[in-house]
Amino acid sequence: MKEQRHTFDEVADVYAAIRPGVPPAAVDALWRHLALPPGGHVVEVGCGTGKLTEHLVERGARVTALDPGAKLLAACARALGPCEVELVETTYEAWASDGRACDAVAACQAAHWIEPQAFLDKTYTLLVPGGRLGLLWHLDTSEGSSFWRATQPLYDRYLPDAPNKPPQTIPLHVAAYE
C-alpha cells in the first residue's frame, strides 16, 4: 500500500490549483524566525507545488527544494518559472546532502509526514551553527463544527485509518537546534 504522503503526486495539477497559498503573515513570521544571511541557503522539506518555495525565492534565499513526487516538482518548476532553485526528487529522510550545510530547514505542511526524531536528527546534521528550523502548517480547528460533522462520514468511509486530527506536534526540544 502506498504511503498517504506519496499520493499527492497522483493529483499534482489539481493540488496546485486548489491548495491555498501560504498566508503572508505566516511567511513574514517564518522569514523573521529564519533570520537568514543575504543569499542564505534553505533546504525546503516537501516543497510540493512550491507554495512556500516561491516566497523563499522572492526574498532572496538559495533554495534546495525536496519532494518525493516528480509531478509535484514539475508543478513547482512551472509555478516558479525561470529561477535558480535546486529541485530534488527525494524524501527528506533519503536525501544525501553530500556534506553540504544550510542556514535553515523549512517545511510547510510536510513535517508531520516524517518520524519526529529522525526529522530532528537529520536537521541537526544539516544546519550550520546558529542555523534555524522553521515549520508551518494549517491546524484543523473545525472538530465538532457543522462542517466537521458533515464531512466526517467521508473520512470514516474512505480514510478509516486516518487520524483526522491536527498533525503530530514536533517535540519541544526543537529549540535546541536553533
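Structure's up top.
Owing to the predicted nature of the structure, the values given are computational and were not obtained by experimental measurement.

Peer 1: Describe the sheet that holds strand β4 (residues 102-108), naming the residues involved and giving the relevant values.
Peer 2: Strand order across the open sheet formed by five strands is β3-β2-β1-β4-β5, with parallel pairing between neighbours. What marks the edges here is a single partner per strand, and that holds for β3 (85-89) and β5 (127-136). Taking each pair of neighbouring strands and ignoring which way they run, the sheet shows an average axis angle of 20°. Here helix α5 (residues 116-126) sits on the sheet in contact with β1 (41-45), β4 and β5, set at roughly 140° to β5.

Peer 1: Summarise the pairing of β5; cite the residues concerned and give the values.
Peer 2: Inspection of the sheet shows β4 paired to β5 by six bridges, in the parallel sense. If you follow Ala 106 over to β5, its bridge partner there is Gly 134. Since β4 and β5 lie parallel, the crossover through α5 that links them has a hand, and here it is right-handed.

Peer 1: Account for the side chain of Glu 44, with residues named and values stated.
Peer 2: Relative to the helices and strands, Glu 44 resides in strand β1. Among the polar contacts listed, one links the side chain of Glu 44 to the side chain of Thr 53, at a separation of 2.5 Å. With residues near it in sequence (within four places) discarded, Glu 44 still touches Leu 52, Thr 53, Leu 56, Val 63, Thr 64, Ala 65, Leu 66 and Ala 106.

Peer 1: Describe the state of the cysteines, and please don't skip the residues or the numbers.
Peer 2: Counted under the stated rule, the structure contains zero disulfides. Unpaired in terms of disulfides, Cys 47 finds its nearest cysteine sulfur in Cys 76, a separation of 4.3 Å. The buried category is assigned to Cys 47, whose relative accessible area is 6%.

Peer 1: Describe α5, with residues and values.
Peer 2: Buried residues of α5: Pro 116, Phe 119, Leu 120, Lys 122, Thr 123 and Leu 126, and no others. Axial view of α5: buried residues confined to an arc of 165°, hence all on one face. Across α5 from its buried face, at more than 90 degrees, point the exposed residues Tyr 124 and Thr 125. Against β1, β4 and β5 lie the buried residues of α5. Capping the start of α5, Glu 115 holds a side-chain oxygen 3.1 Å from the backbone nitrogen of Gln 117, two or three residues further along.

Peer 1: How would you explain the pattern of salt bridges if you had to name every residue and give the values?
Peer 2: Taken as a whole and judged by the stated rule, the model has three salt bridges. Note that Asp 13 is salt-bridged to Arg 78, the shortest N-O span being 2.7 Å. Linking Asp 13 in helix α1 (residues 12-18) with Arg 78 in helix α4 (residues 70-80), this pair joins segments that are 65 residues apart in sequence. Exposure remark for Asp 13: the relative accessible area of 52% places this residue in the exposed category. On the basis of relative accessible area, Arg 78 is assigned to the exposed category, the value being 53%. Across the pair Arg 59 and Asp 28 runs a salt bridge, and its minimum N-O distance is 2.6 Å. A residue pair is termed long-range when its members are at least 10 positions apart, and Arg 59 in the loop between α3 (53-58) and β2 (62-67) and Asp 28 in helix α2 (residues 24-34) qualify at 31 residues. Looking at Asp 28, the relative accessible area reads 31%, which means it is partly exposed.

Peer 1: How would you explain α2 if you had to name every residue and give the values?
Peer 2: When we look at burial in α2, the residues that qualify are Val 27, Leu 30 and Leu 34. Seen along its axis, α2 keeps its buried residues to an arc of 65°; they face one direction. Turned more than 90 degrees from where α2 packs its buried face, Pro 24, Ala 25 and Arg 32 sit exposed. Positive backbone phi, approximately 45°, marks Ala 35, located one or two places after α2.

Peer 1: Run through the packing of aromatic side chains, naming residues and quoting values.
Peer 2: The final tally for this structure, using the stated rule, is one aromatic pair. Over the face of the ring belonging to Tyr 92 we find Lys 122, whose NZ or CZ atom lies 5.9 Å from the ring centre.

So, how was this worked out
Numbering of residues begins from 1 in every chain and follows the order in which that chain's sequence is written. The model is predicted, so local features are restricted to residues of pLDDT at least 70 and side-chain atom pairs to those at 80 or more, both for listing and for counting; the totals for chains, interfaces and linings are taken over all residues. Hydrogens and water molecules were not included; the side-chain quantities draw on all heavy atoms of the structure. If DSSP finds at least two bridges between two strands, the strands pair. Helix numbers and strand numbers start at the N terminus; a helix is a DSSP run of H or I with at least 4 residues, a strand a run of E with at least 2. Lines fitted to C-alpha atoms define the axes here, with helix axes fitted over just the stretch in contact, and angles between the N-to-C directions of these axes take values from 0 to 180 degrees. Pairs of residues are marked as contacts when any of their non-hydrogen atoms sit within 4.5 Å. With the strands pointing away from the viewer, any crossover whose connection runs clockwise from the first strand over the helix to the second is right-handed. For this analysis, a polar contact is any N or O atom pair within 3.5 Å, provided that within protein one partner can donate a hydrogen and the other can accept it, and provided that sequence-adjacent residues contribute only side-chain to side-chain pairs. The term disulfide is used for any two cysteine sulfur atoms that are within 2.5 Å. Burial classes follow relative accessibility: with a 1.4 Å probe on protein chains only, a residue under 20% of its type's maximum area counts as buried, one over 50% as exposed, and anything between as partly exposed. Here the arc refers to the directions that run from the helix axis out to each C-beta atom. Salt-bridge detection follows one rule: a side-chain nitrogen of Lys or Arg within 4 Å of a carboxyl oxygen of Asp or Glu. Stacked, tilted and edge-to-face pairs are distinguished by plane angle, under 30 degrees for stacked and over 60 for edge-to-face with tilted covering the rest, among Phe, Tyr and Trp rings (Trp via its six-membered ring) whose centres lie within 6.5 Å. Distance and angle both matter: a charge sits over a ring if NZ of Lys or CZ of Arg is within 6 Å of the ring centre and within 35 degrees of the ring normal.

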